[in-house]
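Spelled out, the chains give:
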Amino acid sequence: MARIGVETTLSDVKEALTEMGHHVVDLRGAEDAAYCDCCVISGQDKDVMGVMEAEIAGAVINAQGMNTEDVCNVVNQKVV
């Protein structure tokens, strides 16, 4: 499956994506996003780690206002 970077505060999203078979990595900084197919951020501070400025091939998903299921659905749509 896809390599998904997930902000560390979104532990429920990390768990759900892992159960779906995705390779999930913690996003601690922009360098963690470099090899991800998609990144999920909490939206608390949209660029707290420089992820929005990072050179990544995939989408950056702002999870603010979404539940875990919604985030997983968006991720799956983006990495197909």
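Everything below is about the structure shown above.
Residues numbered from 1 in each chain as written. Predicted model: local features only at pLDDT ≥ 70, side-chain atom pairs only at ≥ 80, totals over all residues. Heavy atoms only, no water.

J.: How would you explain the nonpolar core if you had to name every residue and give the values?
T.: I4, V6, V13, L17, V40 and V75 are the most contacted members of the largest nonpolar core, which totals 15 residues. Of all the secondary-structure elements, those providing two or more residues to this core are β1 (3–7), α1 (11–19), β3 (38–41) and α3 (68–78). Residue contacts for V6: discarding those within four places in its chain leaves V13, K14, L17, V24, V25, D26, L27 and V40. (Core = buried A, V, L, I, M, F, W, Y, C linked by side-chain atoms within 4.5 Å. Buried < 20%, exposed > 50% of the residue type's maximum accessible area, 1.4 Å probe, protein only. Helix = DSSP H or I, 4+ residues; strand = E, 2+ residues; numbered from the N terminus. Contact = heavy atoms within 4.5 Å.)

J.: How would you sum up the pairing of strand β2 (residues 23–27)? Please name residues and give values.
T.: Bridge analysis of β1 against β2 gives five bridges, and the strand direction is parallel. Bridging from a neighbouring strand, R3 pairs with H23 of β2. Handedness of the crossover is the feature at issue here: the chain leaves β1, passes through α1, returns alongside β2, and the resulting connection is right-handed. (Pairing = 2+ DSSP bridges. Right-handed = clockwise from strand over helix to strand, strands pointing away.)

J.: Report on the sheet that holds β2, specifying residues and quantitative values.
T.: Taken in spatial order, the four strands of this open sheet run β2-β1-β3-β4, and their pairing is parallel. Edge strands, defined here as strands with exactly one partner in the open sheet, are β2 and β4 (59–62). Averaged over all neighbouring strand pairs, the angle between strand axes comes to 25 degrees, with direction disregarded. Of the strand pairs in this sheet, β1 and β3 are connected by three bridges, and their pairing is parallel. Paired with G5 across the bridge in β3 is C39. (Axes fitted to C-alpha atoms, helices over the stretch in contact; angles between N-to-C directions.)

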